[in-house]
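Listed below, chain by chain, are the residues.
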Amino acid sequence: MKTLGPTDLRLMQGLAQGVTALRPELLNGDATVGELAWVWAKDFDALCPFWHHRMWFADGRLAAWGWACLPHRVPRGDGTVLEVETANLTWQTHPDRAAMLGEILDWYDDVAGSVDRLLTVQSADIEAQRIVAAHGYAFDAEAGADDGPWVQFNTRELTDLPDPALPEGFRFLNANDVSAADAVEAHRQAWHASRFNEATFERVRRTWPYRGDLHVLVAAPDGTLAATAIIWLDEATRTAEFEPVGTHRDFRRRGLGTALQLHGMQLARAAGATRMLVACRGAPADPAARNMYYGVGFRPISRDLPQVKVGDSGIDFAVADGPSE
């Protein structure tokens, strides 16, 4: 099995650039330039043994790819163990090669074997919805419910940006201003179960298009790093993306996330970006992140439609018809 290394990752990001330029509403949530960089770099050490990937080319150019993660057990940063009993597929096709999704699904069936298979399609991608249904997938009513973990994809043009306002004594920094250990700690205080560590962060820093000056932070008066966000800038499409964004659990509900978003968007615009992307939880039962992004001008362009195909020996998932848009 070939390891998913930086060369193949860069090819996958290249396809993401093409979809971003042509049909951003067809970008799968984990298949953007920034999401690919972040997920690959942060999870490589723990999950690489469980990854399989394949690429399809047409006329000498990458036209489609699939990236499957098989069932696994890995330790979390808080000492607990994450146990995943299903396979999960991240995928992307060029808008002109939508039918290749069928080939990706055939490959996914072979790789996943008898376990339950999960994937998502976008609400704007009508052709993908048709193809997955024809391959035996159904909308996952539990994951896609009003209290489910599904995400929505949001965009904002980088015009009419208000100035950020921090509470007295707080200040903006970037990752070049702090040690690697402190940047890692800022992330772990926002996501206490995270496996993120200095070795992982070093891989993130080596992964295109990471830039330390676009890894923004908020420092509290006592020096604690109270909020953190990485901005991934694609100069070719003049598009920037937030991933991840988080606030220290002791400093929430003080407007730090809003200020960090506005500050980050100003930096992205100064670096050449004309639009911003961000994914967030979309379920009505968990509106906090979505409302923060709406508050700084983001608007949704698509949402996940989680799909499941029950395997021969898998869990019996609740399924239903997908929601109408």
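This structure is a prediction, so every number in the text was calculated from the model and none was measured. By convention here, each chain's residues receive numbers from 1 onward along its written sequence. Reporting in this predicted model follows two pLDDT cut-offs: at least 70 for local features of residues, and 80 or more for side-chain atom pairs to be given and counted; totals over whole chains, interfaces and linings ignore these cut-offs and use all residues. Only hydrogens and water are removed before side-chain values are computed, so all heavy atoms of the structure are retained for them.

K.L.:
In this structure, what is going on with unusual backbone geometry? I would like to understand it.
P.N.:
Phi is mostly negative for residues that are not glycine, and the peptide bonds are mostly trans. Between W208 and P209 the backbone carries a cis peptide bond, its omega angle lying at 5°. Here P209 is to be found in the loop between α6 (198-206) and β10 (215-219). Between E243 and the following residue, P244, the backbone shows a cis peptide bond with an omega angle of 0°. Where helices and strands are cited, they refer to DSSP runs of H or I of at least four residues and of E of at least two residues respectively, numbered from the N terminus. Here P244 shows up in strand β12 (residues 239-247).

K.L.:
What's the story with the packing of aromatic side chains in this structure? I'm lost.
P.N.:
Geometry of an aromatic ring pair is reported as the spacing of the ring centres plus the angle between the planes. Classification of ring pairs uses Phe, Tyr and Trp, with its six-membered ring standing for Trp, and accepts pairs whose centres are within 6.5 Å; under 30 degrees between planes counts as stacked, over 60 as edge-to-face, and the remaining range as tilted. All chains considered together, the criterion is met by 10 aromatic pairs. Ring geometry for W38 against F196: centres 5.5 Å apart, planes inclined by 45°, an arrangement best described as tilted. With W38 in helix α2 (residues 33-47) and F196 in the loop between α5 (180-190) and α6, this residue pair connects regions lying 158 residues apart in the sequence. Each member of the pair, W38 as well as F196, carries the same accessibility label: buried. When the ring of F44 is compared with that of W51, the centres are 6.1 Å apart and the planes differ by 70°; the resulting orientation is edge-to-face. Three exposure classes are used, based on accessible area relative to the maximum for each residue type with a 1.4 Å probe and protein chains only: buried under 20%, partly exposed in between, and exposed over 50%.

K.L.:
It is not clear to me how the environment of H215 should be interpreted in this structure. Could you clarify?
P.N.:
Along the chain, the position of H215 falls in strand β10. Through-space distance from the C-alpha of H215 to that of R205 is 9.9 Å; in sequence the pair is 10 residues apart. Every residue in contact with H215, bar those within four places of it in the chain, is listed here: L173, N174, A175, A183, F201, Y210, T228, A229 and I230. A 3.5 Å cut-off defines polar contacts: any pair of N or O atoms within that distance qualifies, except that in protein one atom must be a possible hydrogen donor and the other a possible acceptor, and neighbouring residues in sequence count only when both atoms are side-chain atoms. Within the structure, the side chain of H215 is placed 3.4 Å from the side chain of T228, a separation counted as a polar contact. By the convention used here, residues are in contact when the closest approach between their heavy atoms is within 4.5 Å.

K.L.:
What exactly am I supposed to notice about the pairing of strand β14 (residues 299-309) here?
P.N.:
Across a regular strand the side chains alternate sides, sitting on one face of the sheet and then on the other. Of all 11 residues in β14, eight are buried, a share of seventy percent or more. Here, a strand pair is defined by DSSP locating no fewer than two bridges between the strands. Sheet analysis places strand β7 (residues 138-140) next to β14, joined by two bridges and oriented antiparallel. Residue pairing for β14: F139 is matched across the bridge by Q307. Where strand β8 (residues 151-157) meets β14, four bridges bridge the pair, whose relative direction is antiparallel. Bridge pairing links Q152 to R303 in β14.

K.L.:
For this particular structure, what's the right way to read the nonpolar core?
P.N.:
Soluble globular proteins tend to pack their nonpolar side chains together in the buried interior. Of all hydrophobic cores here, the largest spans 44 residues; its most connected members are W40, W51, W65, W67 and V204. When residues of this core are assigned to their parent elements, the largest contribution, nine residues, is made by α2. If we skip the residues at most four places from it in the chain, W51 touches M1, L4, V39, W40, D43, F44, W67, A68 and C69. Joining through side-chain atoms within 4.5 Å is the link that ties buried Ala, Val, Leu, Ile, Met, Phe, Trp, Tyr and Cys residues into a set, and such a set is a nonpolar core.

K.L.:
Before we go on, may I ask you to explain the side chain of D304 in this structure?
P.N.:
Within the secondary structure, D304 sits in strand β14. There is a polar contact of 2.9 Å between the side chain of D304 and the side chain of Q122. Contact partners of D304, with chain neighbours within four places excluded, come to T120, V121, Q122, W150 and V151.

Distances and angles like these do not, on their own, reveal function.
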